[in-house]
Amino acid sequence: MNNKILVTYASQAGSTAGVAEAIGQTLIGEGLQVDVLPMKDVKELASYNAVVAGSAIHGQKWLPEAMHFLRNHRVELSQKPFAAFMVCITLSMANAEQYREGLKSWMNPIHGLVHPISEGYFAGALDFSKLPFSFNTLAMRLVVLLGVWKQGDHRDWSAIHTWAESLPSQLRR
Ligand SMILES: Cc1cc2nc3c(=O)[nH]c(=O)nc-3n(C[C@H](O)[C@H](O)[C@H](O)COP(=O)(O)O)c2cc1C
């Protein structure tokens, strides 16, 4: 087995992909060998020592593609160090801290499948020009019109970097 880490993600509009890239860059900076791949392009996990997986949140859930990935690989993920992250817009709100505890429950379906050694929760980005027109995105536009959420890139690179820096000691087993 190579001494390699997989950072994999499910993203609709690209902000979670950017978070995964930043995590990968931090791990490389820490001297690790890293592949950053969308979940749909992951063929196998056998060549990785550890896995970091994350998803954008839609409707308080990981994307279906991400749940599919966890279900498909749950046995292997239980045998390797595994860390998880999620990217959502709630954490971009001015009063985000009051929601931080509550949104941990969005990980419950994930905990039914796998047991992350560490979890990162990050603010994402909202850009309607990158989203399809659908009932769900229409509902999101309404929430923005009501002033609850704001369009824009709210990713906190420092928080992402700090979490990623904490991983190597936990992922080496
Ligand atoms: C259809 C839809 C539903 C969403 N639902 C939630 C939600 O329930 N809670 C939340 O905090 N953010 C929600 N978001 C915001 C996304 O999690 C956020 O924009 C994230 O950065 C998107 O990641 P991506 O750019 O990788 O697709 C939703 C976004 C969309 C488009």
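The numbering scheme is per chain: residues are counted from 1 as the chain's sequence reads. Local features in this predicted model are restricted to residues whose pLDDT is 70 or higher, and side-chain atom pairs enter the listing and the counts only when it is 80 or higher, whereas totals over whole chains, interfaces and linings include all residues. Neither water nor hydrogens contribute to the side-chain values; these are computed over all heavy atoms in the structure.

Colleague: Which residues make up the site of the ligand, and what are the values?
Modeller: Around the ligand, a shell composed of 23 residues is seen, among which Ser11, Ser15, Ile57, Thr90 and Ala125 lie nearest. Each polar contact in these results corresponds to two N or O atoms within 3.5 Å; when the atoms are within protein, one needs to be able to donate a hydrogen and the other to accept it, and residues that are neighboring in sequence are counted only if both atoms are side-chain atoms. Measuring from an oxygen atom of the ligand, one finds a backbone N or O atom of Ala13 at 2.7 Å. Within the side chain of Thr90, an N or O atom sits 2.5 Å from an oxygen atom of the ligand. Out of a free accessible area of 640 Å², the ligand has 94% covered by protein chains. A run of H or I in DSSP becomes a helix once it reaches four residues, and a run of E becomes a strand once it reaches two; helices and strands are each numbered from the N terminus. Breaking the shell around the ligand down by element, the ones donating at least two residues are helix 1 (15-29), strand 3 (50-58), strand 5 (82-88), strand 7 (125-126) and helix 5 (135-145). Take the shell around the ligand: its biggest share by element is 3 residues, from strand 3. Gly falls in the polar group here, along with every residue not listed as nonpolar (Ala, Val, Leu, Ile, Met, Phe, Trp, Tyr, Cys, Pro) or charged (Asp, Glu, Lys, Arg). Its residues placed into classes, the shell around the ligand shows 12 nonpolar, 11 polar and no charged. Only heavy atoms are used to decide nearness, and a residue is near a molecule or strand if one of them lies within 4 Å of it. Reported accessibility uses the Shrake-Rupley method at a 1.4 Å probe radius. Residues are deemed covered only where the shown protein chains occlude them.

Colleague: Tell me about the side chain of Lys4, and name the residues and values.
Modeller: Position of Lys4 among the secondary structure elements: in strand 1 (residues 4-10). Within the structure, Lys4 has its side chain in polar contact with the side chain of Asp35 (distance 3.1 Å). When near neighbours in sequence (up to four residues on either side) are disregarded, Lys4 contacts Gln33, Val34, Asp35, Ser47, Tyr48, Asn49 and Ala50. Two residues qualify as a contact provided that any one of their heavy atoms is within 4.5 Å of a heavy atom in the partner residue.

Colleague: Provide a residue-level description of the environment of Phe128, including the pertinent values.
Modeller: With respect to the helices, strands and loops of the structure, Phe128 is situated in the loop between strand 7 and helix 5. If near-sequence neighbours (up to four positions away) are discounted, Phe128 is found in contact with Thr137, Met140, Arg141, Val144 and Gln151.

Colleague: Outline the packing of aromatic side chains, supporting the account with residue identities and numerical values.
Modeller: The geometry of two aromatic rings is summed up by the distance between their centres and the angle between their planes. Between 30 and 60 degrees the pair is tilted, below 30 it is stacked and above 60 it is edge-to-face, where a pair is any two Phe, Tyr or Trp rings, Trp via its six-membered ring, whose centres lie within 6.5 Å. Taken as a whole and judged by the stated rule, the model has 3 aromatic pairs. Measuring from centroid to centroid gives 5.7 Å for Phe122 and Trp163, while their planes differ by 70 degrees, and the two rings are edge-to-face. Of the two residues, Phe122 is situated in strand 6 (residues 118-123) and Trp163 in helix 6 (residues 157-171); the sequence distance between them amounts to 41 residues. Judged by its relative accessible area of 5%, Phe122 is buried. Through a chain of ring-to-ring contacts, three or more aromatic side chains come together here, namely Phe85, Phe122 and Trp163. The buried label goes to any residue with under 20% of its type's maximum accessible area, the exposed label to any with over 50%, and the partly exposed label to all in between, with areas taken from a 1.4 Å probe on protein chains only.

Colleague: Just give me the short version of helix 1, but keep the residues and values in it.
Modeller: In a regular helix each residue adds 1.5 Å, so 15 residues correspond to 21 Å; helix 1 covers 21 Å between its end C-alpha atoms and thus fits that length. Burial analysis of helix 1 places 11 of its 15 residues in the buried class, which makes it a mostly covered element. Among the residues making up helix 1, those that are buried are Ser15, Thr16, Ala17, Gly18, Val19, Ala20, Ala22, Ile23, Gly24, Thr26 and Leu27. One or two steps after helix 1, the chain reaches Gly31, where phi turns positive at roughly 90 degrees. Helix span is expected to be 1.5 Å times the residue number reduced by one.

Colleague: Tell me about the packing of helix 1 against helix 6, residues and numbers included.
Modeller: Only the stretch in contact is used when fitting a helix axis, every axis being a line fitted to C-alpha atoms; angles between N-to-C directions are given from 0 to 180 degrees. Where helix 1 contacts helix 6, the two axes come as close as 9 Å, and the packing angle between them is 45 degrees. Between helix 1 and helix 6, the crossing angle belongs to the class labelled oblique. Handedness of the helix 1/helix 6 crossing: right-handed. Between helix 1 and helix 6, the residues in contact are Gly18, Val19, Ala22, Ile23, Thr26 and Leu27 and Trp157, Ile160, His161, Trp163, Ala164, Glu165, Leu167 and Pro168, respectively. The residue makeup of the contact of helix 1 with helix 6, split by class, is 10 nonpolar, 3 polar and 1 charged. Oblique is the label for any angle not under 35 degrees, not over 145, and not in the 65 to 115 range, which are roughly parallel, roughly antiparallel and roughly perpendicular in turn. Here a crossing is called left-handed whenever its near helix is offset anticlockwise from the far helix by less than a right angle, and right-handed whenever the offset is clockwise.

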